[in-house]
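# Close look at the chain arrangement
Residues per chain are reported as follows:
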Amino acid sequence: MTSTSGCVVAVVASIIFILVCLGNGTLIFLIVKHKKLRTIQNAFLLSISVADLLVGVVCLPVFGATYAFPNTWMFGVAMCKIYGCLTTVCPALSIFTLTFLSIECCTNIYRQSSTSGLSSYGKVAILFLLWFVCLCLGLPNLIFANITTLQYGEQADICFQHPVHLQGSYTRVDALVRLFIFLVIPALIIAVCFTLIAVKVFSIGYWSTSAGGNVYPTNSETTQEAEEEQSLSQVADPRISAGTESRYPILIMTLSAAFTFCWIPFHVYMMWFFYDSAEFSHAWHVFRLFALCLCFADCCVRPWIVFGLEKTFNHYFKKHLWCCVKRTASNEMIPLNENGEQ
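Attention here is on the structure that accompanies the text. If you're wondering where the values come from, they're calculated on a predicted model, not measured in any experiment. (Residues numbered from 1 in each chain as written. Predicted model: local features only at pLDDT ≥ 70, side-chain atom pairs only at ≥ 80, totals over all residues. Heavy atoms only, no water.)

### Regarding the overall build of the chain
A count of helices and strands for the chain gives 10 helices and 4 strands. Walking the chain from its N terminus toward its C terminus, one meets helices and strands in the order α-α-α-α-β-β-α-β-β-α-α-α-α-α. Buried residues in the chain amount to 45% of all 342 residues. Contacts in the chain between residues far apart in sequence, at least 24 positions, make up 74% of those at least 6 positions apart. As presented, the chain carries roughly 17800 Å² of accessible surface, and 68% of it is formed by carbon and sulfur atoms. (Helix = DSSP H or I, 4+ residues; strand = E, 2+ residues; numbered from the N terminus. Buried < 20%, exposed > 50% of the residue type's maximum accessible area, 1.4 Å probe, protein only. Contact = heavy atoms within 4.5 Å. Areas by Shrake-Rupley, 256 points an atom, 1.4 Å probe, with all protein chains shown as cover.)

### A word on helix H4 (residues 120–144)
With 25 residues, H4 ought to run about 36 Å at 1.5 Å a step, and its terminal C-alpha atoms sit 37 Å apart, in line with that. Of all the bends found along H4, the most pronounced is centred on Gly-138 and spans about 35°, while Pro-140, a proline, follows it within four residues. When H4 is considered as a whole, its buried residues turn out to be Lys-123, Leu-127, Leu-130, Cys-134, Gly-138 and Asn-141. (Expected span 1.5 Å × (residues − 1). Bend = angle between axes of the 7 residues up to and from the residue.)

### Comments concerning the environment of Asn-314
Note that Asn-314 resides in helix H10 (residues 311–332). Each C-alpha atom, one on Asn-314 and one on Trp-304, is 9.4 Å from the other, the two residues being 10 residues apart in sequence. Once residues within four sequence positions are removed from consideration, Asn-314 is found in contact with Phe-307 and Gly-308.

### Some points on the state of the cysteines
Across all of its chains, the model carries 1 disulfide by this definition. Across a sulfur-sulfur distance of 1.9 Å, Cys-80 and Cys-159 are joined as a disulfide pair. Because the torsion about its S-S bond is 90°, the bridge between Cys-80 and Cys-159 counts as right-handed. With Cys-80 in helix H3 (residues 76–111) and Cys-159 in strand E2 (residues 154–160), this residue pair connects regions lying 79 residues apart in the sequence. Comparing Cys-80 with Cys-159, the two get one shared label, buried. The thiol sulfur of Cys-59 is not disulfide-bonded, and the nearest other cysteine sulfur, from Cys-90, lies at 6.7 Å. Exposure remark for Cys-59: the relative accessible area of 0% places this residue in the buried category. (Disulfide = S-S within 2.5 Å.)

### Brief notes about the pattern of salt bridges
With the rule as written, the count across this model stands at 4 salt bridges. We note a salt bridge from Glu-104 to Lys-123, for which the minimum N-O separation is 2.8 Å. Remark: Lys-123 occurs in helix H4 and Glu-104 occurs in helix H3; sequence separation between them is 19 residues. Residue classification places Glu-104 among the buried positions, given a relative accessible area of 3%. Note that Asp-298 is salt-bridged to Arg-302, the shortest N-O span being 2.9 Å. One end of the pair, Asp-298, and the other, Arg-302, are both in helix H9 (residues 282–309), 4 residues apart, so they sit about a helical turn from each other. (Salt bridge = Lys/Arg side-chain N within 4 Å of Asp/Glu carboxyl O.)

### Some details on the packing of aromatic side chains
Scanning the model with the defined rule gives 20 aromatic pairs in all. Between Tyr-269 and Trp-272 the ring centres are 6.0 Å apart and the planes differ by 40°, which places this aromatic pair in the tilted class. Linking Tyr-269 with Trp-272, this pair stays in helix H8 (residues 248–275), spanning 3 residues, or about one helical turn. With respect to burial, Tyr-269 and Trp-272 carry one shared label: buried. An aromatic cluster is defined as three or more aromatic residues linked by ring pairs; in this entry it consists of Tyr-269, Trp-272, Phe-273, Phe-274, Phe-280, Trp-284, Phe-287 and Phe-290. (Phe/Tyr/Trp six-rings, centres within 6.5 Å; stacked < 30°, edge-to-face > 60°.)

### Structural notes on the nonpolar core
Among the nonpolar cores identified, the biggest contains 78 residues, and Phe-63, Phe-296 and Phe-313 are the most heavily contacted of them. Those elements giving two or more residues to this core turn out to be helix H1 (3–33), helix H2 (40–68), H3, H4, helix H5 (169–204), H8, H9 and H10. Not counting the four nearest positions on each side in its chain, Phe-63 is found in contact with Val-9, Ala-13, Tyr-83, Leu-292, Cys-293 and Phe-296. (Core = buried A, V, L, I, M, F, W, Y, C linked by side-chain atoms within 4.5 Å.)

### What to know about the packing of H3 against H4
Between H3 and H4, whose axes approach to 8 Å, the crossing angle comes to 150°. Here H3 is positioned roughly antiparallel relative to H4, judged by the angle of their axes. Remark: the crossing between H3 and H4 carries right-handed chirality. Partitioning the contact of H3 with H4 into residue classes produces 17 nonpolar, 5 polar and 3 charged. (Axes fitted to C-alpha atoms, helices over the stretch in contact; angles between N-to-C directions. Parallel < 35°, antiparallel > 145°, perpendicular 65-115°, else oblique. Left-handed = near helix turned anticlockwise from the far one by under 90°. Nonpolar A, V, L, I, M, F, W, Y, C, P; charged D, E, K, R; others polar.)

### Section: the packing of H8 against H9
Running from N to C, H8 and H9 point in directions that differ by 170°, and their axes come no closer than 9 Å. Relative to H9, the element H8 lies roughly antiparallel.

### Remarks on H9
An α-helical turn contains 3.6 residues, so a residue and the one three or four places further along point in the same direction. Taking 1.5 Å as the rise per residue, H9 with 28 residues should run 40 Å; its terminal C-alpha atoms sit 39 Å apart, in good agreement. For H9, the principal kink sits at Cys-299 and spans about 30°; a proline, Pro-303, occurs within the next four residues.

### Quick look at a nonpolar patch on the surface
Taken together, Val-11, Ile-15, Ile-18, Leu-19, Leu-22 and Trp-304 make up a surface patch of nonpolar side chains, about 530 Å² in accessible area. Here Val-11 lies in helix H1. (Patch = residues over 30% accessible without salt bridge, like charges linked within 9 Å, V, L, I, M, F, W, Y side chains within 5 Å.)

Spelled out as C-alpha cells, the structure:
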C-alpha cells in the first residue's frame, strides 16, 4: 500500500470515528435520559447503536492505524480476535434486527394494529436471541483469528481471520455464506415485507392516522375521528415515542436501504477476490479501500437517519443541541473583572 492511500484511509477513519461516537452516543444518551424514549420498540434501536458504538470505539482506530502503518500489526493477538469478532457480530446484529423490525411493520399493517402480536417479554426475548445468534456467528473469528507473517514483496504481519492451513476452499465458502446470510437473504425478506406494505397501502388508496400516531389503512368513516384523537394524544401518548408513528416504516426501510448500499461493494470485492483469478490491480486496491470505508460508514449514518426521520428523537435532539448552543453563548458573554476573572 502506498503511504498516500494509507493516510487517506486514516483520515477517513478518523472522520467516521467522530461521527459514530457523536451520533450513536447521542442516541444512547437520549434513550437513557428520557422516559418516553425508554420503550421496547426503541430498545432495538438502542441495541443497534450499542453495536455501532462498539465498532466505532474498538475497531475503527485499529482499522485506521493498520492502513496508516502497513505491514505491521501492532495491537497483539487479543485485539486481532476481538476485531474479527466485532466486525462480524455488529453488522449481523444490525441487519438481523432490521429484518425483524421490517417483518413486524408488515404484520402490524396487515393486522391494522399499532401494536405487535408479540408481548413485551416476547420482544425482549427476541432481542437477547439476536445477540446470542450474532455472538455465535462471531465465535469462529474469536477462536481462529491470529497474526500471520506473509511475504508480499516484503514481510508483512497480518491479522488473519481464518486459520492459515484452511485458506482456499474454507475462505471461499465463508465469503459465500456471509454474502447470503448477511446481505442477500435479509435484503430479500425486507424487500418482500415493504412490497407487501406498498400493495396493502395502494390497494386501500390512502393512509389514515390512528390514535397512537401509527399509520395503517382503514375506512374513511374513522379518518376524521382518528386525526382528532391524535391531536389530543400526541403529547401524552408514549406509543408515539416508541417509534410507532407514521414515519416508522419509512425509517426502517431507509435504515435497511442504507445498510444494503454500504455493504454491497464489500461483498462484490470478496466475491471477486475469492472466485476470480484475475490479477490484483491498483483499481481493485482502491475499490477495496472504498468498500471497507463504506462498511464502517454504515455505523455512523444510522443515528443521523433516526434523528432526521423519527419525530420524537428529532425533537429531543434539537432540544439538547439548542441547550448546548445557548449554554456556550452565555458562557462567552460572561463579563470579566479587572483581574480577568468571571
